[in-house]
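# An overview of the molecular structure
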Amino acid sequence: MDYQFLEEAISKKHEKFVEIANEIWGYAELAYKEHNSSELQQAFLKKEGFEVEEGIAGIETAFLAKFGSGKPVIGYLGEFDALPELSQKANEKVHSPLEEGAPGHGCGHHLLGTGLMQAAVAVKDYLEEEKLSGTVIYFGCPAEEGGAGKAFMVREGVFDQCDACLAWHPGDVTVSSVSTLSNARVFFNFKGISAHAAVAPHLGRSALDSVELMNVGVNYLREHMIPEARVHYAVTDTGGNAPNVVQAKAQVLYSIRAPRFDQLTELIERVSNIAKGAALMCGTEVEIQIVSNYADVLQNKTLDGLIYSHVKEIFPLDYTEEELNYAKDFYEVGEKAGIEMYKNLARQFMGEAGSQLFLGPMAKGYFPPSPMKMGSTDVGDVSWNVPSAWISVQTFALGTPIHTWQAVAQGKSQIAYKGMQAAARILARTAVDIYNNPQLLEKIDEDFQTALGGRKYQSLIPADTKPGMIK
Ligand SMILES: [Zn+2]
């Protein structure tokens, strides 16, 4: 297949997308409040000839932009939300907030959404040029960071019209398809009896003791859970700051992750039993509230294969001396353990020579589709309903963890925009493969059924929870 037209379409408009990403980086809007970012993207896509539906799934900042008609229908899952308290000056190599306490794009979602717009616009140009049957839809998906935006959009059937959905994530390494852990957030609210801690401690029943005992219990549980699972907690209410009062209320928020939904529900039950045990020991009561749930990403063999063929064509990217020098400073302060992990993984896939590709500020190596579990994302919820693929593309110096000021600092750099464009190139080519060979959809659907293995999508988010209630 000849991708010359796509290449030209992407590079011709590249500067415009850099401007858009720069602007969104500057807005740095938090989950469900991405008004400027969403409007900017909508306005641009309208100008490009897309038909825009705003406020979809009852979420003000969610939208879709559609072009073309008939099948195949390919969706791009764009995001644009920032993270709290990650404000950082662009390109600064030390921690230096632009505005103390303000949000920042520590997860690169300004690149994520804009890169997928770049792919969608190139695909639109291609469909027009070739007069092919097919529809491309860019989805503006709010609140990926903790807000489970796509889970609510799935609930409203927003993605059901798609034959396949494509997505990527910025990072410090390129992987041609990754999976994620399914994840739930659960509040444990303990209720006890208040008393004077010196005069009548025997009359009190401490909610804070219950939180402490629960956490100790869970820390003992760690040895006896599957090694891929993750459990973290934050004490969100200590019951007050007076030590001479027996705390009558206390709250702890747990984030529980496991590779599969069934493993997740089992682990939630075990953690909940520990909470009940802690309440029993202290004579308190516990109320358990699941507030968020992200499904794991189901991978699709055919989509992953198409993507990998394009990663091989496009990577490694060429970096100028200047870009490598820029990345070097961030690489030097980078997370060495993370780099070791990539090297070990490369050894598994490609032998010792492969591990040598993960030296230096911008890795020359990239990974084939991998069952590697990278964090959690609400792309998972889409992937249980529509065949999907999710990839990681290098936009930051090797060793740069996301959700850090280092990632925010590199967000407006040439290396970031080169990665964004590479993601657009890979995912535009993948879509074009399908428009030209619609029979691929059969294979894609077969893989989807195999990955589901008879299981059905379930979400633990209570039916009465509305978008925006999850923080
Ligand atoms: Zn992210």
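In this numbering scheme, every chain counts its residues from 1 along its sequence in written order. With the structure being a predicted model, the display of local features is reserved for residues of pLDDT at least 70 and the display and counting of side-chain atom pairs for 80 or more, all residues being used for whole-chain, interface and lining totals. The side-chain numbers reported here are obtained from all heavy atoms of the structure, hydrogens and water having been left aside.

## Here we look at the sheet that holds strand E4 (residues 134–141)
By way of backbone hydrogen bonds, the strands of a sheet pair with one another, either parallel or antiparallel. Which entries qualify depends on this criterion: Only when DSSP finds a minimum of two bridges between them are two strands counted as paired. Each helix corresponds to a stretch of at least 4 residues labelled H or I by DSSP, and each strand to a stretch of at least 2 residues labelled E; elements are numbered beginning at the N terminus. The angle between two axes is taken between their N-to-C directions and runs from 0 to 180 degrees, where each axis is a line fitted to C-alpha atoms and a helix contributes only its stretch in contact. Contacts are residue-level and defined by heavy atoms, with any inter-residue pair within 4.5 Å sufficient.
One open sheet accounts for six strands, arranged E1-E2-E4-E3-E5-E10; its pairing is mixed. The sheet is open, and its two borders are formed by strand E1 (51–54) and strand E10 (388–394), each paired with just one other strand. Pairs of neighbouring strands in the sheet enclose a mean axial angle of 20°, with direction left out of account. Where strand E2 (residues 63–69) meets E4, seven bridges bridge the pair, whose relative direction is antiparallel. Across the sheet, residue Ser69 finds its bridge partner in E4, namely Gly134. Helix H8 (residues 301–314) contacts strand E5 (164–171) and E10 of the sheet and is inclined by roughly 30° relative to E10.

## A few points about the pattern of salt bridges
Stated precisely, the cut-off is as follows: Salt bridges are defined as contacts in which a side-chain nitrogen from Lys or Arg sits within 4 Å of a carboxyl oxygen from Asp or Glu. Buried residues are those whose accessible area, probed at 1.4 Å on protein chains only, stays under 20% of the maximum for their type, while exposed residues exceed 50% and partly exposed ones sit between those limits.
What the rule picks out here adds up to 20 salt bridges. Taking the shortest distance from any N to any O, the salt bridge between Lys150 and Glu79 comes out at 2.6 Å. Pair noted here: Lys150 is in helix H5 (residues 149–155) and Glu79 is in strand E3 (residues 73–79), with a separation of 71 residues, a long-range link. What makes Lys150 buried here is its relative accessible area of 0%. Overall, the relative accessible area of 2% leaves Glu79 in the buried class. Through salt bridges with shared partners, a single network forms among Glu7, Glu313, Arg425 and Arg429.

## Notes on the domain arrangement of the chain
Which entries qualify depends on this criterion: The split of the chain into domains comes from an automatic or database domain assignment. As used here, buried area is the combined drop in accessible area, with a 1.4 Å probe, of two parts when they are placed together. In protein, a polar contact requires one atom able to donate a hydrogen and another able to accept it; more generally it is a pair of N or O atoms within 3.5 Å, and residues adjacent in sequence count only if both atoms are side-chain atoms. Here the term charged refers only to Asp, Glu, Lys and Arg, the term nonpolar to Ala, Val, Leu, Ile, Met, Phe, Trp, Tyr, Cys and Pro, and the term polar to all other amino acids, Gly among them.
For the chain, the assigned domains are domain 1 (4–180 + 296–452) and domain 2 (182–293). Spacing between the C-alpha centres of domain 1 and domain 2 amounts to 36 Å. On the side of domain 2, eight residues touch domain 1, which itself brings nine residues to the contact. Summed over both partners, the interface of domain 1 with domain 2 comes to about 550 Å²; 45% of that surface belongs to carbon and sulfur atoms. The interface formed by domain 1 and domain 2 includes zero salt bridges. At the junction of domain 1 and domain 2, the tally comes to one residue pair in polar contact (both at pLDDT 80 or more). When the residues that make up the side of domain 1 that touches domain 2 are grouped by side-chain class, the tally is two nonpolar, four polar and three charged.

## Quick word on a nonpolar patch on the surface
Selection rule: Like charges are joined within 9 Å and nonpolar side chains (Val, Leu, Ile, Met, Phe, Trp, Tyr) within 5 Å, but only among residues with over 30% relative accessible area and no salt bridge; these make up the patches. Surface exposure here means Shrake-Rupley accessible area, sampled with a 1.4 Å probe, where a residue is shielded only by the protein chains that are shown.
Taken together, Phe349, Met350 and Leu357 make up a surface patch of nonpolar side chains, about 230 Å² in accessible area. By secondary structure assignment, the location of Met350 is in helix H10 (residues 336–355).

## Re the coordination of the zinc ion
Tetrahedral coordination by four donors places them ideally at 109.5 degrees to one another around the metal; octahedral coordination by six donors ideally gives 90 or 180 degrees. How we decide: Any N, O or S atom lying within 2.8 Å of the metal counts as a donor, with the limit raised to 3.2 Å for Na, K and Ca; because water is left out of the atom set, some sites can appear incomplete.
Around the zinc ion, the protein contributes the donor atoms Cys107 (SG), His109 (NE2) and His169 (NE2), at 2.1 to 2.2 Å from the metal centre. Each donor residue of the zinc ion lies on one chain, and together they are spaced C-x1-H-x59-H. With relative accessibility at 0%, the residue His109 sits in the buried group.

## Here we look at the sheet that holds strand E6 (residues 182–191)
Sheet architecture is open: four strands sit in the order E7-E8-E6-E9, paired in antiparallel fashion. Taken across any chain shown, the strands that pair with only one partner, and hence form the sheet edges, are strand E7 (230–237) and strand E9 (285–294). Strand-to-strand twist across the sheet, computed as the mean angle between neighbouring axes with direction ignored, equals 20°. Pairing analysis gives nine bridges linking E6 to E9, with the strands arranged antiparallel. Residue pairing for E9: Phe187 is matched across the bridge by Gln289. Where helix H6 (residues 207–221) meets the sheet, its contacts fall on E6, E7 and strand E8 (249–258), and the angle it forms with E8 comes to roughly 20°. Against the sheet, helix H7 (residues 261–282) engages E6, E7, E8 and E9, with an angle of about 15° to E6.

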